[in-house]
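Secondary and tertiary structure notes
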Amino acid sequence: MFFKNLTLFRFSAGIDLSELDAGLAETQLKPVGPLELSSRGFISPFGRDAEALSHRIADAVWLTVGGEDRLLPSAVVNDMLAKKLAELEEREGRKPGGRMRKRMKEELVHELLPRAFVRPSRTDALLDLEHGVCAVDSSSRKNAEAVVSEIRRALGSFPALPLNAEVAPRSVLTGWIAGEPLPDGLSLGEECELKDAADHGAVVKCQRQDLQSDEIARHLESGKQVTRLALTLDDHVSFVLGEDLVIRKLKFLDGAVDQLESTEREDLRAELDARFALMSAEFRRLFAVLEPALKLSRADV
């Protein structure tokens, strides 16, 4: 259950979670209806068959938004619509107008929806009450904001905004490659993306590359700036940090995972509980390093 990506939001300190469980119960995932395209709501972090809709360890809360989507490819709908339109034209000797085409398509969708396959999904979120940060396991801003909206729906009020930096993140990332000292514990990885400062300028993506090589230095000398950078925090986590402040390719390394292997657990829930405890602790450590380095805003939202 380790998160793989982190889209971060800042929320006001002192948020009231006393009604969280009641709110989650009211916004629990309901099966998608026969004429619905999708459904969203909360499920248990421990799986859809478990009862608890949240899990908390100290100042870390684990929430999971579940989804059900009916798979109705537009290509299938359009193909069947074309056949029906052709039959109608042959029968009546005229082409249907735009209004007729629209009505026929709506009727076709209603006919096909109840027979469409349903695809389940889940997106996890971590509420770090100590730092006032919501971390959503998604690299998509749109999907992450949908999760925050579900939390807001459950709580009635959840004033959260996307993470914001007081300095340009690409200037900080570029400086780290150019030789400026990194925060304690951070080291460069072997992946980066560089962009020309001009609009629609050149983009260079490097993987398995020494980021302090002469080749990279030449790109910096030509005016390119770093927009994504692979980093490692001690030997515990590796990740790619973007100028959009989204953390991608998050991976927990041996230095962190070894702590799990040293303890035996009796069941899956105990294992997931231990993994969440470890992940939330490592996230707090990582955020404590990035917050001052990027001058992440603490402004009330």
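Refer to the preceding data block for the structure.
No experiment lies behind these values; they were computed from the predicted model shown. (Residues numbered from 1 in each chain as written. Predicted model: local features only at pLDDT ≥ 70, side-chain atom pairs only at ≥ 80, totals over all residues. Heavy atoms only, no water.)

Here the focus is the overall build of the chain. Along its length, the chain carries eight helices and twelve strands. Radius of gyration (C-alpha) of the chain: 24 Å, far over the 19 Å computed for a compact globule of 301 residues. With the principal axes as the frame, the chain shows a C-alpha extent of 75 × 55 × 40 Å. Per-residue burial for the chain yields a buried fraction of 45% across its 301 residues. Within the chain, contacts between residues separated by at least 24 positions form 67% of all contacts whose residues are at least 6 apart in sequence. A total accessible area of about 16,400 Å² is found for the chain, and carbon and sulfur atoms account for 48% of it. Positive and negative charge centroids in the chain, built from 41 and 51 side chains respectively, lie 9 Å apart. (Helix = DSSP H or I, 4+ residues; strand = E, 2+ residues; numbered from the N terminus. Rg over C-alpha atoms; globule rule 2.2 N^0.38 Å. Buried < 20%, exposed > 50% of the residue type's maximum accessible area, 1.4 Å probe, protein only. Contact = heavy atoms within 4.5 Å. Areas by Shrake-Rupley, 256 points an atom, 1.4 Å probe, with all protein chains shown as cover. Lys, Arg positive; Asp, Glu negative; His and termini not counted. Charge placed at Lys NZ, Arg CZ, Asp CG, Glu CD.)

Turning our eyes to something else, we now look at the pairing of strand S6 (residues 133-136). Residues Val133 and Ala135 line one face of S6 and the alternating positions Cys134 and Val136 line the opposite face, and both faces are buried. Where strand S1 (residues 7-11) meets S6, four bridges bridge the pair, whose relative direction is antiparallel. Paired with Leu8 across the bridge in S6 is Ala135. Strand direction decides the pairing type here: strand S5 (residues 117-128) and S6, joined by four bridges, are antiparallel. Pairing of Leu127 across the sheet is with Cys134, part of S6. Counted along the chain from S5 to the antiparallel partner S6, the turn is four residues long, and its residue Gly132 has a positive phi close to 65°. (Pairing = 2+ DSSP bridges.)

Moving on, we come to the sheet that holds strand S9 (residues 203-207). On the basis of which strands lie adjacent, the open sheet formed by five strands has the order S9-S8-S10-S11-S12 and antiparallel pairing. Across the chains shown, the open sheet's two edge strands, defined by having one partner strand only, are S9 and strand S12 (247-252). When strand polarity is set aside, the average angle formed by the axes of neighbouring strands in this sheet is 15°. (Axes fitted to C-alpha atoms, helices over the stretch in contact; angles between N-to-C directions.)

Once that is clear, we can look at the side chain of Ser54. Mapped onto the elements of the fold, Ser54 is located in the loop between strand S2 (38-43) and strand S3 (55-57). Exposure remark for Ser54: the relative accessible area of 17% places this residue in the buried category. A polar atom in the side chain of Ser54 sits 3.2 Å from the side chain of Asp21. Those residues in contact with Ser54 that lie beyond four places of it in its chain are Leu20, Asp21, Leu24, Pro45, Trp62 and Leu63. (Polar contact = N/O pair within 3.5 Å; in protein donor to acceptor, adjacent residues only side chain to side chain.)

Within the largest apolar cluster, 51 residues are counted, with the highest numbers of intra-cluster contacts made by Leu8, Leu229, Phe239 and Ile247. Take this core: its biggest share by element is twelve residues, from helix H8 (residues 268-294). Each residue touching Leu229, except ones within four places of it in the same chain, is listed here: Leu173, Trp176, Ile177, Leu188, Glu191, Cys192, Leu211, Phe239, Val240 and Leu241. Ala144, Val147, Ile151 and Ala154 belong to the second-largest nonpolar core, a separate cluster that totals 21 residues. (Core = buried A, V, L, I, M, F, W, Y, C linked by side-chain atoms within 4.5 Å.)

Moving on: the pattern of salt bridges. Any two side chains of opposite charge can pair if their charged atoms end up close together. In the structure shown here, the tally under the stated rule is 18 salt bridges. For the salt bridge of Arg10 with Glu291, the shortest nitrogen-to-oxygen distance reads 2.8 Å. In this pair, Arg10 sits in strand S1 while Glu291 sits in helix H8, placing the two residues 281 residues apart along the sequence. A residue is classified by how much of its surface remains accessible, and Arg10, at 6% relative accessible area, is buried. For Glu291, a relative accessible area of 9% puts it in the buried group. (Salt bridge = Lys/Arg side-chain N within 4 Å of Asp/Glu carboxyl O.)

Before going further, it helps to spend a moment on helix H6 (residues 214-221). Taken together, the buried positions of H6 are Ile216, His219 and Leu220. All buried residues of H6 fall inside an arc of 100° around its axis, so they share one side. Turned more than 90 degrees off the buried face of H6, the exposed positions are Asp214, Arg218 and Glu221. Residue Gly223 follows H6 closely and has a positive phi angle near 105°. (Arc of directions from axis to C-beta.)

This part covers the packing of aromatic side chains. Tallying each qualifying case throughout the model produces five aromatic pairs. Taking 5.5 Å as the distance between ring centres and 65° as the angle between the ring planes, the aromatic pair formed by Phe46 and Trp62 counts as edge-to-face. Placement of the pair is Phe46 in the loop between S2 and S3 and Trp62 in strand S4 (residues 60-71), with a sequence separation of 16 residues. Residue class for Trp62 comes out buried when judged on its relative accessible area of 0%. Residue placement shows Arg269 over the ring face of Phe46; its charged tip is 4.0 Å from the ring centre. (Phe/Tyr/Trp six-rings, centres within 6.5 Å; stacked < 30°, edge-to-face > 60°. Lys NZ or Arg CZ within 6 Å of the ring centre and 35° of its normal.)

Pairs of packed helices are described in terms of their axes, by the angle between the two and the distance that separates them. The contact between helix H2 (residues 74-92) and helix H3 (residues 98-112) brings their axes to 10 Å, and the two run at 125°. Put simply, H2 runs oblique to H3. Crossing angle aside, the handedness with which H2 passes H3 is right-handed. On H3, the residues that touch Val77, Asn78, Met80, Leu81, Lys84, Leu85 and Leu88 of H2 are Met100, Arg101, Met104, Lys105, Leu108, Val109, Glu111 and Leu112. (Parallel < 35°, antiparallel > 145°, perpendicular 65-115°, else oblique. Left-handed = near helix turned anticlockwise from the far one by under 90°.)

Interpretation in functional terms is not warranted from these geometric data alone.
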